[in-house]
Structures are given as structure tokens and as C-alpha cells.
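# Inside the fold
Below are the chains, spelled out letter by letter.
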Amino acid sequence: MTATDPSKTSLQLTADGQLRHFLTLDGLNRALLTEILDTADSFIEVGERSIKKVPLLRGRTVVNLFFESSTRTRSTFELAAKRLSADVLNLDINTSATSKGESLSDTLLNLEAMASDMFVVRHSQSGAPHFIAESVTPGVAIINAGDGRHAHPTQAMLDMLTIRQHKGGFEGLKVAIVGDVLHSRVARSQIRALNELGAAEVRVIAPATLLPRDVESLGCTVEYDMTRGMKDLDVVIMLRLQKERMEGALLPSEREFYRLYGLNQEKLALAHPECIVMHPGPINRGVEIESAVADGPQSVILNQVTNGIAIRMAVMSMAMGGQMAERSRKLAGRAQG
Amino acid sequence: MSSLKIIGGRLADTNAETTVLVRNGRIAALGEAAGKEPADHDFDATGCLLTPGFVDLCCNLREPGNGQKGNIASESLAAAHGGFTTLCASPDTSPVNDSGAVTNLILDVAAKRSSVRVLPVGAITRGLEGELLSDMAGLAGAGCIALGNGARPVKNARVLRRCMAYARTFGLTVMFSPENQALAADGYAHDGLVASRLGLLGIPEVAETAAVMEMLLLAEETGVRLHLGQLSCARSVEMLADARKRGIAVTADVAMHQLMFTEDALSGFDSRYHVRPPLRSEKDRQALLGGVRDGVIDAITSQHQPHDSAAKQAPLAATEPGLSTIESTLSMGLLLVERGDLDMGSLIRSLTGGPAEVIGRSAELRQGAVADLCVFDPDATWVPNDSSLNSVGRHVPLPGKALPGLVRLTLCDGRQAWPQSDL
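Residues numbered from 1 in each chain as written. Chains lettered and ligands numbered in written order. Predicted model: local features only at pLDDT ≥ 70, side-chain atom pairs only at ≥ 80, totals over all residues.

## Some remarks on the overall build of chain A
For chain A, the helix and strand inventory stands at 13 helices and nine strands. On C-alpha atoms alone, chain A measures out to a radius of gyration of 20 Å, which is about the 20 Å that the 2.2 N^0.38 rule sets for 337 residues. Overall, chain A is about 65 × 50 × 45 Å in size when its C-alpha atoms are taken along their principal axes. Within chain A, residue pairs in contact and separated by at least 24 positions form 76% of the contacts whose partners lie at least 6 positions apart. (Helix = DSSP H or I, 4+ residues; strand = E, 2+ residues; numbered from the N terminus. Rg over C-alpha atoms; globule rule 2.2 N^0.38 Å. Contact = placed C-beta atoms within 7 Å.)

Structure (C-alpha cells):
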């Protein structure tokens, strides 16, 4: 029996299917994912202007709530919010309230008292943005900037934008995700997005210690041998390997991992000649990827960063739009009633 | 003491109509004989079912020491509301129930404030640390009916073996929730489809099954009477059945919520369903139901774990495990019967005679027996909410839903435990 409250499945969507939070790609259909990509495309042009601003979030306050440190994700969210003309507050909670024993609920109450309109949340625990979305006052949008091992939906969408730019679409594509899938929120969101957008095959390539239980149920095939797994690939996505994995007895050594699962030119040559190489960053040269590949002609790693700003502008403006639409609908309903 | 005659109800297991006469704390007469005798009060049980009072092998009362989560008065009243008359109180209190003095304290408070019978389970290791033996004989002497390590693990197999051998010396029953600490590690959800999708840290089945196997082997060797509490895996039920065939003195229970829910309950990160052991797969649920139907699993427990609301108000991993279940246990059981997952006979046996036997007691409606009984209307519904619940813990399963099974009367030792008001 499913105990889940049915309203939770639409936690991130308004009654008419608009985004109001952006927590996970689960439950978002192809049309909505495509709308996010199309909206991001329109914002790429903004980044190319000399005055890189649009007024969509003017007068709004966006709080970057980072319970886990991050440079790239936080700065691209900050830039995205500023290009949308929002006021931005960056809070590094690692070193503030929670270390003084304040509970997450209390921290939130204090931040809401500052009349914020949107929280961009990164947290080390899976589901933390869901918890926050359920706790905050209606009208405040929550954007997931990565939670535990669960989801990193803006990263996955910027990856999808990058793939679409280079491949034109998703039909027929063979995509591999290589490395530490077990601990990766990025991989979970990517697998979900690729399935929804119609990729022909998603392969995960890793040793059994770095794969979640029943990983095939997420919508992918499993390949332990990378030389076999590279065959016919259109896209290869490398995941970052944390050094702690050796201590947890998940891997014997970086050296062995690099030999078996690191991407070098030899292995890349086994893929389709136009295969693109992606990495969510920050990259570990010589651990999961060879420098010659990371900096080579097939690498699109830096495009991913540029696209990150456009994708984040897209989801922030769409979620705020959904919240606004919901608010005016409620006001209209009240006026009628 | 005045006498009470319960008229017009049916026995829950056989569905036969009967009359029960209660006098001086005991069942003075049953059936036609009871019908003929006069009584000070009559209770009209038309449309209701009668059962012995339910016996709970695993219940957290939170007293002493955790008043913000519950106390003996609040949780025993909640138990009476749920039809329970006997509670085995887990030793995970503060201080831990690892000495006769704490046991006496619990029994003293219970004598003054409890609505139902409280039977403490003593800590088998000092402070539940899993390292040093507690004064087991002293605990038993003070009134502990069994010994266990609560929700905490015993450090290693050597300590476990000595715990069992020492308990065996005095003929004591040991109760353990099997979990291999190294394999469970930091997990908090079933290592399966939902945990993989949501990125939750998993507790694999083998964390339970490896511990079950170890405990069965040690029980066989030491000859102790072993009770395995709160099983969650299909494979554990198989091993239990095999051990019984070999003649090992082992009994077992399952929490009602394990029969009701699966890992899917966590798919919206709902922290109320963060329980330990975790809710597992549908295959496991089916095997556990089979175990109850076949009698391989002796008892269904509430595994009642009341908490203050803050304990559940956090991201899933940061919340405390446990559901507040004791008021909904019967209702969940009736839902299972309604759905054909369980038959009424198995349900009632697993809540009464089954658990009673595990602790060497009996629970039956017969002439001369202690008047512990429950009268409930299986067709009337109630809604768990702030006004209906008595437990401090409000993180109940199926909140706000109309649940079948309204308890009209609970008698413990012939005294009215529920409702609180006069009939």
C-alpha cells in the first residue's frame, strides 16, 4: 500500500501543471522538460548581450541557501538570479546557524521573516529541499541545487541542453554515465531526464560497489567493462570520484580505478567518432579523465558551465511565474467567493 | 468490586455470540451461564467483537527520562484506546532499565498511573552499550519478564553468545531485533528500488538475515529461549521456519506497520514512515503475512515509538525512526483482514494468545481468567487526529483517514481502562 499523500506528487507543480518548485525531475513530463530547455535557449542570447539583464525577477529576493559548500553551482545560481534582476543573498549555512545548534526549521522561519521569494537550496541530505518546500509559507519557491544522493535537477537539465545543442535532439542517442553512480545525485537526475526525453539507451559503467541496488530500475543498462561499454556511444558523461571512496572499501585505489574506468583517448576512440565528452565538474584529471580528453575537441565541459546560467535562469523564472499565477488565481478565487 | 455483564457481542475469532460476566477482576462466567446471572452494570456490545486484551511485546513508554516523547500515563492510555491490556516496555529509557532500581521505578509509576499492565523488559547489557552483561538475575527478580537490547546492537558475536548463555542459566527469555551493525551502517531505508531512486542510504536485507542466522546458531548452541523482534525480511521468515523444524526454542514477532506498508511509503520523503527495521519490499511484506497466517511468526507488535514533533521535523535522514502506532494497530489489522491479507483468527491470535505465550502468560476469554478484554466495533470508524489520539506521538500511520475498528471498552484486571469516562 502506498502511504504517500497524493498531493505530494504534485508538490512541485501547480494545479494546471506549471512549475512552482523545482525539486526533482521525477514527475515532470517531456513537454515541461522541453519547455525548460527552450526557455534556457532564449536566455543564452541574454548572456551574449553587453547588458546581460532582463527584469523578470525585479524586486524579488532570492536566497542561496547552501548547507554544503559549492563554488560553481552557487556562483552560476547567483549570476542567473542577478541577470533576472533579483536581489541575491548568499548564505553559507555550514559556518552559521546550524553549527550553533539551530534546527533547519528554525533557520527557515528566520529567513522567511526576511520576506524572501525564493530559496535555492543545497543540502547534504536527500530530500532536504522537499522538506523545506513542505515547510515554507505558500508563495516561496524552492529550487533544488543538489540534495544528498537524490537529485541535482538543474545540473541534469544543463547537461540536456548541452546534448541538444550538439546532437540536435535525443531520439536514438546512446549515452553512458561512467563512475560513482551510487553517490551521485547528478547521475540519478540525468538518467531520469534522458529517459523522459527519449534517449535510445542509457548505460551506466562502474564496478558493482559504485552502483545502487537494482540500478536498472532507474531506466538504464549496466556494463562493468568500460571498453565494451564505450561501443557506439554518442555521449559519455564522466562522474567525479571522491577520494573518500577508497577509505570506505568501495575501491582499492585511484590508480586501479583510472586504469579500468578513467576516460582516455584510447577508450574514447571506441565510441562513435562524434561522441561528446561531458563532466559535471569539478574534474579530477588523472582520476576519472585524462587531460588530453578533458581539453580535447570532443569535450564540451566548458559549454556545460555556460549553459548552467541559462538553465538556472529558466527554472527560476518559471517557478516564480508558477507561484505568481497561483497567487493571482487564489486572489481571484477569494474575490469571487 | 462491582460486576459487569457484557451482552450481545460476538467472539472475534469464532464469531459466536456470547455474554461475559466480569466480577472481582476475573471472568466469572461466559455464555448462557453468564446470561442468567445478575450484574451491577450491563454493557451492550451488540454489533461488537470481543477478544482478550491485546498483548504488545514491543512498546516504548518513554518513562523514565523522555517526557517530551511520552510517559507511562499517556502511552498506557493510548494503549487502552487501542485495545491493549499488557505492554512489554522496552528498556531504552533514560536511565536505561538495566538495574532492579529502574525496574522498580517503572513498576511503581505504572501502579500509580498506568491504565494497563506494564511488564518491563530489562536491558541485557549495561546501559544497552552492548559490551558488559547487566545484572540479569536481579532484573528478573525485580519483575522484568525478558531481557533484550532494545533498539541498540550488541557489539559482537562473543558478547551476544555470553548474553545468551548467562540468560540461559536462569531460564530467561532474550528478545533481540536482529540487525548487523556493520551492514546497516548509516542506512535508514530499505536498500531497494525506492532508496536507489531517491538516493537514500540503504539498509540491505542481509543486515537482518545475517544477524538472524547468527542469533539462531547461538540460541541453538546455548539453549536459551530466543525471541526475534520486528522481523522485516522474507528470508528471515524462512530461516525462522527452518530453525523451528530443528527444534530450536525460538519465537518471533513482526510490527503491524511492516504488514501494512512497503518501501513505497517513503517515496515522498515522508519522515513518519522512517522506521527501523525499514519498510521493505512487497515480496517481504507478503512473506511476513504468510508467516503470521502459518503461525511461524507468533505475534504482531505495535512497535509503538512516540516522539515529540521536532524529532520528525527535519530532512528524512535527520529524523528519528519510529511510528506512533499503538492506537492504530487494531485498525491496521482490520484493514488487512478487509483486504484478504489476513484472516480474523490469525489477527486476533497474533495480538493475544501468540504474544502472551512468548512471555509465558495466557490471554484467553475463559471462566476464571483475569478479566483483560477488549470490545470493539469492527464496522464503526474513527479518524486519528489531535482530538482522538492520546499518545504524545502524533506521527501516526494513515493520519486523517477514517479507520475501521472502534474500541468501545477495554478492561484490564477487570477495571475499565477505556474509555476514561463512566459508561
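Past the structure itself, the notes keep going.
## Re the overall build of chain B
Within chain B, the secondary structure is distributed over 14 helices and 18 strands. Here the C-alpha atoms of chain B give a radius of gyration of 21 Å, agreeing with the 22 Å that 2.2 N^0.38 yields for 423 residues. Per-residue burial for chain B yields a buried fraction of 60% across its 423 residues. Restricting to contacts in chain B with at least 6 residues of sequence separation, those with at least 24 account for 75%. (Buried ≥ 20, exposed ≤ 12 C-beta atoms within 10 Å, placed from the backbone.)

## Section: helix H8 (residues 205–222) of chain B
In this model H8 of chain B runs 26 Å from its N-terminal to its C-terminal C-alpha over 18 residues, within 8% of the 26 Å that 1.5 Å per residue would give. Inspection of H8 of chain B places Glu205, Ala207, Glu208, Thr209, Ala211, Val212, Met215, Leu216, Ala219 and Thr222 of chain B among the buried residues, and these make up the whole buried set. (Expected span 1.5 Å × (residues − 1).)

## Some details on the nonpolar core
Counting 230 residues, the largest nonpolar core has Ile143, Val178, Val236 and Met316 of chain A together with Val174 of chain B as its most contacted members. Here this core takes 10 residues from helix H13 (residues 301–336) of chain A, the largest share from any one element. (Core = buried A, V, L, I, M, F, W, Y, C linked by C-beta atoms within 7 Å.)

## Quick notes on the domain arrangement of chain B
Residues and elements named next belong to chain B. Under the domain assignment used here, chain B contains domain 1 (4–49 + 369–418) and domain 2 (54–358). The centre of domain 1, based on its C-alpha atoms, is set 26 Å off from the matching centre of domain 2. Contact residues are listed per partner, giving 25 residues for domain 1 and 38 residues for domain 2. Elements represented by at least two residues in the side of domain 1 that touches domain 2 include exactly strand S16 (373–382), strand S17 (403–412) and strand S18 (415–418). Looking at the side of domain 1 that touches domain 2, the element that brings in the most residues is S17, giving six residues. Partitioned by chemical class, the residues of the side of domain 1 that touches domain 2 number 16 nonpolar, six polar and three charged. (Domains from an automatic or database assignment. Nonpolar A, V, L, I, M, F, W, Y, C, P; charged D, E, K, R; others polar.)

## A closer look at the interface of chain A and chain B
One frequently used descriptor of interface size is the decrease in accessible area upon assembly of the parts. Contacts between the two partners involve 27 residues from chain A, matched on the other side by 27 residues from chain B. Mapped onto the side of chain A that touches chain B, the elements with two or more residues apiece are helix H4 (104–112), helix H5 (128–135) and helix H7 (185–197) of chain A. In terms of residue count, the dominant contributor to the side of chain A that touches chain B is H5 of chain A (three residues). Of the residues assigned to the side of chain A that touches chain B, the class counts are eight nonpolar, 12 polar and seven charged.

## Observations regarding the confidence of the model for chain B
For chain B, mean pLDDT is 96; residues scoring 70 or higher make up 100% of the total. For this predicted complex, the interface confidence comes out at an ipTM of 0.90, alongside a pTM of 0.94. (pLDDT = per-residue confidence, 0-100.)

## Some points on the sheet that holds strand S9 (residues 276–278) of chain A
All names here are of chain A. The strand order across the open sheet formed by five strands is S7-S6-S5-S8-S9, and the pairing between neighbours is parallel. In the strand order of this sheet, the two ends are held by strand S7 (221–223) and S9, each with one partner. Taking each pair of neighbouring strands and ignoring which way they run, the sheet shows an average axis angle of 25 degrees. Bridging between strand S6 (residues 201–205) and S7 involves three bridges; their strand directions are parallel. Paired with Arg203 across the strands is Thr221, a residue of S7. Sheet contacts for H7: strand S5 (174–178), S6 and strand S8 (235–238); angle to S5, the most-contacted strand, approximately 170 degrees. (Pairing = 2+ DSSP bridges. Axes fitted to C-alpha atoms, helices over the stretch in contact; angles between N-to-C directions.)

## Focus: the domain arrangement of chain A
Residues and elements named next belong to chain A. Each domain of chain A was delimited in the assignment, giving domain 1 (7–151 + 306–336) and domain 2 (153–301). Residue assignment for the side of domain 1 that touches domain 2 shows that the elements contributing at least two residues are helix H2 (30–48), strand S4 (141–147) and H13. Tallying contributions element by element places H13 first for the side of domain 1 that touches domain 2, with six residues.

## Points about the environment of Lys53 of chain A
Residues and elements named next belong to chain A. Residue placement: Lys53 occurs in the loop between H2 and strand S1 (61–66). Assessed through the 12 C-beta atoms surrounding it within 10 Å, Lys53 is described here as exposed. Leave out the neighbours within four places in its chain, and Lys53 touches Arg83 and Ser85.

## Some thoughts on the environment of Asn156 of chain B
Residue and element names in this part refer to chain B. Residue position: Asn156 is located in the loop between strand S9 (146–148) and helix H5 (157–169). On the basis of neighbour count, Asn156 is assigned to the partly exposed category, with 13 C-beta atoms found within 10 Å. Separated by 49 residues in sequence, Asn156 and Leu107 place their C-alpha atoms 31 Å apart.

## What to know about helix H12 (residues 329–338) of chain B
All names here are of chain B. Burial within H12 is extensive, with eight of its 10 residues counted as buried. The set of residues buried in H12 consists of Thr329, Leu330, Ser331, Met332, Gly333, Leu334, Leu335 and Leu336. Residues of H12 that are buried make contact with helix H10 (256–260), strand S15 (299–301), helix H13 (344–351), S16 and S17. One or two positions beyond H12, positive phi appears at Gly340, with a value near 85 degrees.

## With respect to the confidence of the model for chain A
Looking at chain A as a whole, its pLDDT mean stands at 91, while 95% of the residues score no less than 70. Long-range and interchain partners of residues 1–8 of chain A, a stretch whose pLDDT sits below 50, account for 16 contacts in this model, where long-range means more than four residues apart.

## A closer look at the sheet that holds strand S8 (residues 117–123) of chain B
Residue and element names in this part refer to chain B. Spatially, S6-S7-S8-S9-S10-S13-S14-S15 is the arrangement adopted by the eight strands of the open sheet, whose pairing is parallel. Every interior strand has two partners, whereas the edge strands, strand S6 (54–59) and S15, have only one. The sheet shows a mean angle of 30 degrees between the axes of neighbouring strands, direction not considered. Two elements, strand S13 (residues 225–228) and strand S14 (residues 250–255), share three bridges in a ladder whose sense is parallel. Of the residues in S14, the one forming a bridge with His227 is Thr251. The strands that H8 touches are strand S10 (173–176), S13 and S14; relative to S13, the one it contacts most, it runs at about 165 degrees.

## Let's talk about the packing of H2 of chain A against helix H6 (residues 153–167) of chain A
Geometrically, a packed helix pair is captured by the angle between its two axes and the distance between the axes. All names here are of chain A. One can describe the packing of H2 onto H6 by two numbers: an axis separation of 10 Å at closest approach and a directional angle of 70 degrees. As far as their axial angle goes, H6 and H2 are roughly perpendicular. Facing H2, whose interface residues are Ile36, Leu37 and Ala40, H6 presents Met157, Met160, Leu161 and Arg164. Classifying every residue of the contact of H2 with H6 gives six nonpolar, no polar and one charged. (Parallel < 35°, antiparallel > 145°, perpendicular 65-115°, else oblique.)

## Some words on the pairing of S6 of chain A
All names here are of chain A. Within S6, four of the five residues are buried, which leaves the element mostly enclosed by the surrounding structure. Pairing of S5 with S6, which is carried by five bridges, proceeds in the parallel orientation. Residue pairing for S6: Ile177 is matched across the bridge by Val204. The parallel pair S5 and S6 is bridged by H7, and the resulting crossover is right-handed. (Right-handed = clockwise from strand over helix to strand, strands pointing away.)

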